[in-house]
Amino acid sequence: MDINNLEVLAPAGDYERFTAALDYGADAVYLGGQAFSMRAAPQNFTHETLKSAVEEAHARGVRVYLTCNTLPRNDEIPHFEQFMEEASDSKVDAVITADLGLMSLVKKYDPNMEIHMSTQTGIVNYASANELYNMGAKRVVLARELSVEEIAEIRAKTPKDLDIEVFVHGAMCMSFSGRCLLSAYLTNRDANRGECAQPCRWGYYLMEEKREGEYYPIYEDEKGSYILNAKDMCMIDHIDDLAKAGVMSFKIEGRAKSSYYVSIVTNAYRMAMDIFKSDPDNFKLPDWIRDEVFKVSHRQYCTGFFYGHPKESQYYENSGYIREYDVVAIVDECKDGRIYATQRNRFMKGDEVEIISPKTHFDTMRVNEIYNEDNELIENANKAMMKLSLPCERFYPKGSIIRMKK
C-alpha cells in the first residue's frame, strides 16, 4: 500500500460543481461531456468548458477523468471519433468506459489515452481485471457488490500498476453494478444510456389478478412499500480497511448532486484521508468530520456489500431524502472585518449559522447584522442571489459556505 497515491475522486455535473470539487480537496474529478455519459440530466461539459476545466485542474495539481460509460447503439458509434478528438484536445487524464467496443476505439483514436474501466463493466474477479489490463486498461472500477476480502484478493492477483477504484459514498443501485432495465421498461428511459427515471425509488402495491383496481400494500403501511429503495453508501469510517485491501481511488457518487453536496462530502473525505495518511495504523475519525456527511441531503446510510451480505441496505418506508441544513449564502470575499456573500436561501438577523471552509472545522456564528449591497442595514436576506455582507471576526476564503439548520 502506497498511501501517497491514495486518491479522493469527486463528481462534477457542471462547472460550479467542478470548482467546488477543486476548492474542497479532490485529488481528481470525473465529469461528462455532451455525449456518451451515464448522467444525461446534468448540464455536463462542452468542448470549450472541458478544456477550461482541465487547464484549471492541472494548474492546481488535480486530474480529470472523462466519462464515456454508456452502452452505445450502432448509430452512435460514428460520433465517437469526434468525442475522442475533443477529449484528446482537452488533455483529460483518462477516459472511463464500460463498453469493449469503445475501449478498442479509444486505443485506435488516441493510443496514449489512459483507460479506466467503469463499474458498469461488472468486474467481480481477478481474471476479468487481468484480462482488461492485458487489453490496455490502467484502472478498474470494481462492481459495488464486492466485499473487502474479495477486493483484497483481486489486488493480490493483479499487476501492481493496475489501479483499483471503488465507490465509497453516495446512491446505491438496486441492480447489478447499475445495469438496470426497470426504467427502460416502465418509462422508455434507458438507465444504460444515462436517462434513468429511478423507478426503484417508487412506492409499489400488489393488485389481485381478478379484482382489477383493488390494490394491496406489499408492506403493512398505508403508504405502500418502497421494496426496491436502497440506502446510500457511506464508507468514511472505513477508509483504512479499503486502503489496506488495495483500493487506490475512493470515488464519491453524485454528478447529479448540488455543488453544496460536492463541497461538503469531498471536504469530509479529504480530511478523513489526510488523517488516515498521517497514521495509517491508528485511523480514528473525529465525530465532527463524520457528522459532515449527515449535513447534506442524503438517504439513510449503509456500508453496502463491503462487509458481506447487506442485511440492512434497503429502506421500505419512503424514498425521500433527509435534509436538515440549507445553504443560505456563499462567500465571495472577506476583508476589513466583513464577509461579502451571495444569498442562496432566506435567513434573518438573529439566526445562528455555520461557516465551513476547506479542510477546517466549521465555525458557528450569530448573525447580528446584515447589510445589503448599498451598505444599508436590513432585517433579513430574502431576495434570491442578492449581494450582502456580514460582520465577522476571522477570514474566510472565497467559496466558503454559510449554512443553517432548518
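Since the structure is predicted, the reported quantities are computational estimates derived from the model, not experimental observations.

(A) Looking closely at the overall build of the protein chain. Helix and strand counts for the protein chain stand at ten helices and 22 strands. Counting over 406 residues, the protein chain shows a buried share of 51%. For the protein chain, long-range pairs separated by at least 24 residues make up 67% of all intrachain contacts whose partners lie at least 6 apart in sequence. Put simply, the protein chain shows about 19,100 Å² of open surface, and 48% of that area lies on carbon and sulfur atoms.

(B) Region of interest: helix α4 (residues 100-109). Taken together, the buried positions of α4 are Leu 102, Met 103, Leu 105 and Val 106. Seen end-on, α4 carries its buried residues on one side only, within an arc spanning 165°. Those residues of α4 hidden inside the fold are in contact with β3 (63-68), α3 (80-90), β4 (94-97), β5 (115-117) and α5 (126-135). Sitting at the head of α4, Asp 99 places a side-chain oxygen 2.9 Å from the backbone nitrogen of Gly 101.

(C) Representation of the sheet that holds strand β16 (residues 352-356) in the model. The strand order β17-β16-β22-β13-β14-β21-β18-β19 describes an open sheet built from eight strands, whose pairing is antiparallel. Across the chains shown, the open sheet's two edge strands, defined by having one partner strand only, are β17 (363-366) and β19 (377-378). Docked against the sheet, helix α9 (residues 259-278) engages β13 (325-335), β16 and β22 (401-405), running at close to 95° with respect to β22.

(D) Structural context of the packing of helix α1 (residues 15-23) against α9. Put simply, α1 and α9 touch, their axes get as near as 8 Å, and they point 15° apart. Taken together, the axes of α1 and α9 are roughly parallel relative to one another. Crossing of α1 against α9: the hand is right-handed. The residues of α9 that touch α1, namely those facing Glu 16, Arg 17, Ala 20 and Ala 21, are Ser 259, Val 262, Ser 263 and Thr 266. Of the residues assigned to the contact of α1 with α9, the class counts are three nonpolar, three polar and two charged.

(E) Representation of the nonpolar core within the structure. The biggest cluster of nonpolar side chains holds 86 residues, and the ones touching the most others in it are Phe 18 and Tyr 269. Among the elements that make up this core, the one with the highest residue count is α9 (eleven residues). Each residue touching Phe 18, except ones within four places of it in the same chain, is listed here: Ala 12, Val 29, Leu 31, Phe 45, Ala 53, Glu 56, Ala 57 and Val 64. Ranked by size, the runner-up nonpolar core spans 21 residues in total, among them Ala 329, Met 365, Ile 378 and Cys 392.

(F) Examining the pairing of strand β14 (residues 338-343) more closely. In terms of residue burial, β14 counts as a mostly covered element, since five of its six residues are buried. As judged from the six bridges shared by β13 and β14, these two strands associate in the antiparallel manner. By the bridge assignment, Val 331 is partnered in β14 with Ala 341. Counting the residues that bridge the hairpin from β13 to β14 gives two residues, and of these Asp 336 lies at a positive phi of roughly 55°. Note that β14 and strand β21 (residues 387-391) share five bridges and pair antiparallel. Counted as the bridge partner of Arg 338 is Pro 391 from β21.

(G) Seen up close, the packing of aromatic side chains. This structure, assessed with the given rule, holds eight aromatic pairs. On the basis of an interplanar angle of 70° and a centroid distance of 5.3 Å, the ring pair of Phe 36 and Phe 83 is categorised as edge-to-face. Remark: Phe 83 occurs in helix α3 and Phe 36 occurs in the loop between β2 (28-32) and α2 (47-59); sequence separation between them is 47 residues. On the accessibility criterion, Phe 83 (9% relative accessible area) is buried. When the centroid spacing of 5.9 Å and the interplanar angle of 80° are considered together, the rings of Phe 276 and Phe 283 count as edge-to-face. Neither residue differs from the other here; Phe 276 and Phe 283 are each classed as buried. An aromatic cluster of three or more residues is present, and its members are Tyr 15, Phe 18 and Phe 45.

(H) How the structure looks around the pattern of salt bridges. Applying the stated criterion across every chain, the model contains 26 salt bridges. Note that Arg 344 is salt-bridged to Glu 16, the shortest N-O span being 3.5 Å. With Arg 344 in the loop between β14 and β15 (347-348) and Glu 16 in helix α1, the pair connects residues that are 328 residues apart, well separated along the chain. With relative accessibility at 40%, the residue Glu 16 sits in the partly exposed group. For the salt bridge of Asp 163 with Lys 138, the shortest nitrogen-to-oxygen distance reads 3.1 Å. Residue Asp 163 is found in strand β7 (residues 163-170), and its partner Lys 138 is found in the loop between α5 and β6 (139-141); the two are separated by 25 residues along the sequence. The exposure class of Asp 163 is buried, given its relative accessible area of 12%. In this structure Lys 138 comes out as partly exposed when scored by relative accessible area, which is 29%. When salt bridges with common partners are traced through the structure, they connect Glu 7, Arg 63, Lys 138, Arg 139, Asp 163, Glu 165 and Lys 251 into a single cluster.

So, how was this worked out
Residues numbered from 1 in each chain as written. Predicted model: local features only at pLDDT ≥ 70, side-chain atom pairs only at ≥ 80, totals over all residues. Heavy atoms only, no water. Helix = DSSP H or I, 4+ residues; strand = E, 2+ residues; numbered from the N terminus. Buried < 20%, exposed > 50% of the residue type's maximum accessible area, 1.4 Å probe, protein only. Contact = heavy atoms within 4.5 Å. Areas by Shrake-Rupley, 256 points an atom, 1.4 Å probe, with all protein chains shown as cover. Arc of directions from axis to C-beta. Polar contact = N/O pair within 3.5 Å; in protein donor to acceptor, adjacent residues only side chain to side chain. Pairing = 2+ DSSP bridges. Axes fitted to C-alpha atoms, helices over the stretch in contact; angles between N-to-C directions. Parallel < 35°, antiparallel > 145°, perpendicular 65-115°, else oblique. Left-handed = near helix turned anticlockwise from the far one by under 90°. Nonpolar A, V, L, I, M, F, W, Y, C, P; charged D, E, K, R; others polar. Core = buried A, V, L, I, M, F, W, Y, C linked by side-chain atoms within 4.5 Å. Phe/Tyr/Trp six-rings, centres within 6.5 Å; stacked < 30°, edge-to-face > 60°. Salt bridge = Lys/Arg side-chain N within 4 Å of Asp/Glu carboxyl O.

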